[in-house]
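Single-letter residue listing:
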Amino acid sequence: MPDYATAHQWYGELLAVRRQFDVALDQFRTGAELDPLAPIMWHVAGWVTYQGGRPQEALEYYDKVFRINPHFEPSLGNLITNHAILGNFDLARVYAKRISEIRYEDNAAVEALIDAMEDPALKELMLDTRAVLRKEN
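Before going into details, it helps to say that this report is about the structure given with it. All values derive from a computational prediction rather than experimental measurement.

1. With respect to the overall build of the protein chain
Next up, step 1: Each helix and strand counted, the protein chain has eight helices and zero strands in total.
Next up, step 2: In the protein chain, the succession of helices and strands from N to C terminus is α-α-α-α-α-α-α-α.
Next up, step 3: By residue count, 38% of the 137 residues in the protein chain fall in the buried class.
Next up, step 4: For the protein chain, the proportion of contacts with a sequence separation of at least 24, taken over those separated by at least 6, is 46%.
Next up, step 5: On the protein chain, roughly 8100 Å² of surface is accessible, and the fraction owed to carbon and sulfur atoms is 56%.

2. Quick notes on the environment of Val110
Next up, step 1: Looking at the secondary structure, you find Val110 in helix α7 (residues 108-118).
Next up, step 2: Distance in space between the C-alpha atoms of Val110 and Ser100 is 9.5 Å, their sequence separation being 10 residues.
Next up, step 3: Ignoring sequence-local partners within four residues, the contact set of Val110 consists of Ile80 and Ala96.

3. Points about the environment of Gly46
Next up, step 1: Take Gly46: it is sitting in helix α3 (residues 39-51).
Next up, step 2: By relative accessible area, which is 0% here, Gly46 ends up buried.
Next up, step 3: For the pair formed by Gly46 and Glu60, sequence separation is 14 residues and the distance between their alpha carbons is 7.6 Å.
Next up, step 4: Leaving out residues up to four positions away in the same chain, Gly46 has contacts with Ala58, Tyr61 and Tyr62.

4. Thoughts on the packing of α3 against helix α4 (residues 55-68)
Next up, step 1: α4 packs onto α3 with a crossing angle of 170° between their chain directions and a minimal axis gap of 8 Å. With respect to α4, the element α3 is oriented roughly antiparallel. Taken as a pair, α3 and α4 cross one another with a handedness that is left-handed. Note on element contacts: α4 touches α3 through Pro55, Glu57, Ala58, Tyr61, Tyr62, Lys64, Val65 and Ile68, opposite Pro39, Trp42, His43, Ala45, Gly46, Trp47, Thr49 and Tyr50.
Next up, step 2: Its residues placed into classes, the contact of α3 with α4 shows 11 nonpolar, three polar and two charged.

5. A few points about the packing of helix α5 (residues 73-86) against helix α6 (residues 89-103)
Next up, step 1: Put simply, α5 and α6 touch, their axes get as near as 8 Å, and they point 155° apart. Classed by the angle they form, the pair α5 and α6 counts as roughly antiparallel. For the crossing formed where α5 meets α6, the hand is left-handed. Where α5 abuts α6, its residues Glu73, Leu76, Gly77, Leu79, Ile80, His83 and Ala84 lie against Phe89, Leu91, Ala92, Tyr95, Ala96, Arg98, Ile99, Ile102 and Arg103.

Procedures and definitions
- Residues numbered from 1 in each chain as written.
- Predicted model: local features only at pLDDT ≥ 70, side-chain atom pairs only at ≥ 80, totals over all residues.
- Heavy atoms only, no water.
- Helix = DSSP H or I, 4+ residues; strand = E, 2+ residues; numbered from the N terminus.
- Buried < 20%, exposed > 50% of the residue type's maximum accessible area, 1.4 Å probe, protein only.
- Contact = heavy atoms within 4.5 Å.
- Areas by Shrake-Rupley, 256 points an atom, 1.4 Å probe, with all protein chains shown as cover.
- Axes fitted to C-alpha atoms, helices over the stretch in contact; angles between N-to-C directions.
- Parallel < 35°, antiparallel > 145°, perpendicular 65-115°, else oblique.
- Left-handed = near helix turned anticlockwise from the far one by under 90°.
- Nonpolar A, V, L, I, M, F, W, Y, C, P; charged D, E, K, R; others polar.

Here is the structure:
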């Protein structure tokens, strides 16, 4: 179904799993053209770009999400991690605060994670753990 935005999203996600990131991004762009009010297209584009090792580029896609829906919770969560990986710890804390306000939850655990990532030794340990987890899955 060439005019079905969600089909392009799903196909893009399949391509991303196969590590065909740029082709996947084309599918998300097509989905966004078909359904310009669906923040999920730009959200998955940001996630896929981040997973493809391009966290700075991912920020551009998340910006598009927030132009559509400034409270899109999944993207807020991803931005916490994305900014922490980039070393933008203050921004990671801003997004942690925003998501805790939306959820009406205490964000102490997230704050502790950001604090730990700010410590270079702990950040390297966390990134090594993520690499091991990816290999196991």
